[in-house]
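# Examination of the molecular architecture
For reference, the chains in residue letters:
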Amino acid sequence: MKPWVTLDRARIPDEEGELILRKRDTEYSIRTETTELMNSRLHGSEEALARLACERLSYQRDVNILIGGLGMGYTLGAALENSGPDAHLTVAEFVPAVISWNREFLGHLAGVPLNDPRVAVWQGDVVQAIKSKKSAWNAILLDVDNGPDGLTREANDQLYGLPGLHAAFAALRPGGILAVWSYAPDDGFTRRLKKCRFRTEVVTAHANSSGKGRKHTIWLAVKPG
Ligand SMILES: C[S@@+](CC[C@H](N)C(=O)[O-])C[C@H]1O[C@@H](n2cnc3c(N)ncnc32)[C@H](O)[C@@H]1O
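Before going into details, it helps to say that this report is about the structure given with it. Computed from a predicted structure; not experimentally measured. (Residues numbered from 1 in each chain as written. Predicted model: local features only at pLDDT ≥ 70, side-chain atom pairs only at ≥ 80, totals over all residues. Heavy atoms only, no water.)

Before going further, it helps to examine the sheet that holds strand β4 (residues 36-39). Overall, antiparallel pairing links the four strands, which are arranged β1-β2-β3-β4 in an open sheet. Lying at the two open borders of the sheet, with one neighbouring strand each, are β1 (5-11) and β4. Direction aside, the axes of adjacent strands within the sheet are offset by 15° on average. Sheet contacts for helix α3 (residues 96-106): β1, β2 (18-24) and β3 (27-31); angle to β2, the most-contacted strand, approximately 15°. (Pairing = 2+ DSSP bridges. Helix = DSSP H or I, 4+ residues; strand = E, 2+ residues; numbered from the N terminus. Axes fitted to C-alpha atoms, helices over the stretch in contact; angles between N-to-C directions. Contact = heavy atoms within 4.5 Å.)

Now the structure itself:
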């Protein structure tokens, strides 16, 4: 097997430690020194996150979708594939280097989604993107960490707690969907979504796009109206 080659390293804003982009043959990996965040071999559930949410919006025109974060672009690519020509997609990414890695090294993995004219890139924390607008989004798709539990970035707890869910509820249009990816199920998170008046469905999707391997959890939480 070919060895891993480090393509780049980048500081994570406001935090200690670095993100590392590595390549082995055609496979790419984004990781910290201790944990792999994303591997290009496994992206079935990241795509399912977008597909399941967009399918539920398919009868609507001019949809506004917020995606956090960019990673390797699979969720964004699947959202584009499942949206109409008049859709507007904003992708919020906290680490500037992840945006440049998508432009320089990773774009081909998910159909070069940053080149699509329907896409706007927002470099910053998706927590702030959510707080900055009310009744703005038809869908908010979140895959910024391992999920509501087992965070790699403590600050992301703001998204998954009650204040974060109230902010997402306010940021969605009536009938809008909050879709959240997680490595594992979390009954407490389902209860918090219901407490915030979301109509909540919990589904699973295979990590591997061929329908094999570990299953990840996806919440589809609809703001009534
Ligand atoms: C697991 S990856 C996302 C993978 C992505 N769904 C895909 O299909 O490739 C998580 C991404 O979220 C970014 N991120 C983490 N916390 C964030 C936040 N609060 N706001 C915006 N981006 C964030 C990370 O830098 C990383 O690029």
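Further remarks concern the layout of surface pockets. Taken as a whole, the largest pocket spans an internal volume of roughly 980 Å³. Contributing to the lining of the largest pocket are 46 residues, with Leu 37, Met 38, Val 144, Asp 145 and Thr 152 lying nearest its centre. Counting residues per element, the lining of the largest pocket draws most heavily on β4, at four residues. Its residues assigned to classes, the lining of the largest pocket comprises 18 nonpolar, 15 polar and 13 charged. (1 Å grid on protein atoms, 1.4 Å probe; cavity = no way out; pocket = protein on both sides within 12 Å on 5 of 7 lines; lining within 4 Å. Points joined across faces, edges and corners; volume = space filled by probe spheres on them. Nonpolar A, V, L, I, M, F, W, Y, C, P; charged D, E, K, R; others polar.)

On to the nonpolar core. Ranked by size, the top nonpolar core spans 47 residues in total, and within it Ile 65, Leu 76, Trp 101 and Leu 141 carry the most contacts. If you tally residues by element for this core, the top one is helix α1 (residues 44-55), at six residues. Excluding anything up to four places from it in sequence, Leu 76 contacts Ile 67, Leu 70, Leu 89, Val 91, Pro 113, Leu 114 and Val 119. Within the second largest apolar cluster, 26 residues are counted, among which are Leu 151, Leu 172, Val 180 and Ala 221. (Core = buried A, V, L, I, M, F, W, Y, C linked by side-chain atoms within 4.5 Å. Buried < 20%, exposed > 50% of the residue type's maximum accessible area, 1.4 Å probe, protein only.)

Our focus in this paragraph is the pattern of salt bridges. All told, the structure shown has eight salt bridges when counted by the stated rule. The residue Lys 2 makes a salt bridge to Asp 25 at a minimum N-O spacing of 3.7 Å. In this pair, Lys 2 is assigned in the segment before β1 and Asp 25 in the loop between β2 and β3, connecting sequence segments 23 residues apart. A residue is classified by how much of its surface remains accessible, and Asp 25, at 47% relative accessible area, is partly exposed. Here Glu 27 and Arg 41 are joined by a salt bridge, their closest N and O atoms 3.0 Å apart. (Salt bridge = Lys/Arg side-chain N within 4 Å of Asp/Glu carboxyl O.)

Taken together, the seven strands give an open sheet; going across it, the order is β7-β6-β5-β8-β9-β11-β10, and neighbouring strands pair in mixed fashion. Because the sheet does not close on itself, it has two edges, and the strands there are β7 (119-123) and β10 (199-206). Each adjacent strand pair in this sheet contributes to an overall mean axis angle of 15°, direction not counted. Pairing between strand β8 (residues 137-142) and strand β9 (residues 172-182): five bridges, direction parallel. Residue pairing across strands places Trp 137 opposite Leu 172, the latter belonging to β9.

This part covers the packing of aromatic side chains. By the definition in use, this model includes three aromatic pairs. For the ring pair Tyr 160 and Phe 189, a centre distance of 5.8 Å and an interplane angle of 75° mean the geometry is edge-to-face. In this pair, Tyr 160 sits in helix α5 (residues 157-160) while Phe 189 sits in helix α7 (residues 187-195), placing the two residues 29 residues apart along the sequence. The interplanar angle of 75° and the centroid separation of 5.1 Å between the aromatic rings of Phe 169 and Phe 198 together place this pair among those described as edge-to-face. Taken as a pair, Phe 169 in helix α6 (residues 162-171) and Phe 198 in the loop between α7 and β10 lie far apart in primary sequence, 29 residues in all. The same class applies to Phe 169 as to Phe 198, namely buried. (Phe/Tyr/Trp six-rings, centres within 6.5 Å; stacked < 30°, edge-to-face > 60°.)

Coordinates in, geometry out; function isn't part of it.
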